[in-house]
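What the coordinates show
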Amino acid sequence: MLRHAASSAVKRAALRSSSRGAPLCAAPGNMSFHASAKREEDTAATTLPEEGKGGLFGTGLNEWFALPIGVAAAVPMIKLEWYVINEETQLLAVFLAFCVTVYTQGGDAIHKALSQKAEELLKEHNEAEDNVIAALEQKLEFLQTGKNMVNDFNAINEMRAETYKKLNAAGAIKPQHDFKAQVEKMLNMIAAEEASVTEKTKMSLMSEATASVTEKFSSDKALKKAALDSAIASIKGGKSGADPVQAAFVQFFKDKSAEAKASKDDSQEKAQREAMIAKMNSLAKNEGFFFEFDAQGKPSMV
């Protein structure tokens, strides 16, 4: 009988807790941890359970009627020994007292702890959803930016084709410019070499003429006397006539010219020609020219 009374007391406690409003942690099925809004079709499909009448055993009577009913039922149960009060009863009483104490004294703390945990989970879930949304927005922005990528690549290909056309047109003219520059460089080198040879020949002739005239005047006393008289007359400002030294130089060059015309030895000219051709081929090879020269000095394309 006492066991039945205890069961009735537990039921009453459950009913009181439902009437006072159970904490959110007591009904985990009713808590949603999704930050996103529920779909309308899900909301429409969800039906709330029908609420009972409440009260004593769902009859609508006040819960306090359970006390006299329990006492009236417990007396005959104990009298007829349908229920024996023993250590189980004491343990049940202690357990019920513990449950009531925990519910009344620590229920709010437990509710707050579980609510805080639920709020933390909800916050983490919202942060994760925010990160996903930000990533999707970034991806959308990237896709929007790359929407004209095909047109951009087409424009790049057109510019590349136009550039290749211009390069081909320039490539057809560039060898001509390069050939012209190479010919000008070769002509400048030949002119510089001829000027150098001419200057060396002049110096050689002047040295030879000076030595010849000096030797001639040193060995001939009459020429010495004539040169001295001409110099004195020139200093005095009088008429000195023809300068014997100048006449000696002129005569030397006349004799040298006549000797060169009469001579058939062209070995020196050939040597100079061969040296010139060798220098021209060396320049063409080092500079990568389009032409070279044969032994006769005739140019030919490489």
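Refer to the structure printed above.
Residues numbered from 1 in each chain as written. Predicted model: local features only at pLDDT ≥ 70, side-chain atom pairs only at ≥ 80, totals over all residues. Heavy atoms only, no water.

**Some details on the overall build of the chain**
Within the chain, the regular secondary structure consists of eight helices and two strands. Written out in order from the N terminus, the α and β elements of the chain read α-α-α-α-α-α-α-α-β-β. Here the analysis covers contacts within the chain between residues at least 6 apart in sequence; of these, 63% occur between residues at least 24 apart. Carbon and sulfur atoms make up 60% of the accessible area of the chain, which amounts to about 24300 Å² in all. (Helix = DSSP H or I, 4+ residues; strand = E, 2+ residues; numbered from the N terminus. Contact = heavy atoms within 4.5 Å. Areas by Shrake-Rupley, 256 points an atom, 1.4 Å probe, with all protein chains shown as cover.)

**Notes on the side chain of Gln182**
Structurally, the position occupied by Gln182 is in helix 5 (residues 149–219). The residues contacting Gln182, other than those within four sequence positions of it, are Gly288, Phe289, Phe290 and Phe291.

**Concerning the packing of aromatic side chains**
All chains considered together, the criterion is met by four aromatic pairs. With a centroid separation of 5.6 Å and an interplanar angle of 35°, the aromatic rings of Phe289 and Phe291 are classed as tilted. An angle of 85° between the planes, with centres 5.8 Å apart, marks the rings of Phe291 and Phe293 as edge-to-face. Each member of the pair, Phe291 as well as Phe293, carries the same accessibility label: buried. A connected cluster of aromatic rings, assembled from ring pairs, spans Phe179, Phe289, Phe291 and Phe293. (Phe/Tyr/Trp six-rings, centres within 6.5 Å; stacked < 30°, edge-to-face > 60°. Buried < 20%, exposed > 50% of the residue type's maximum accessible area, 1.4 Å probe, protein only.)

**With respect to helix 3 (residues 66–79)**
For helix 3, built from 14 residues, the straight-helix expectation of 20 Å at 1.5 Å per residue is met to within 8% by its first-to-last C-alpha distance of 20 Å. Of the residues making up helix 3, those classed as buried are Ala66, Ala74 and Met77. Down the axis of helix 3, the buried set is contained in an arc of 70°. They therefore lie on one face. For helix 3, the exposed residues lying more than 90 degrees away from the buried face are Ala72, Val75 and Lys79. Backbone geometry just after helix 3 places Glu81 at a positive phi near 55°. (Expected span 1.5 Å × (residues − 1). Arc of directions from axis to C-beta.)

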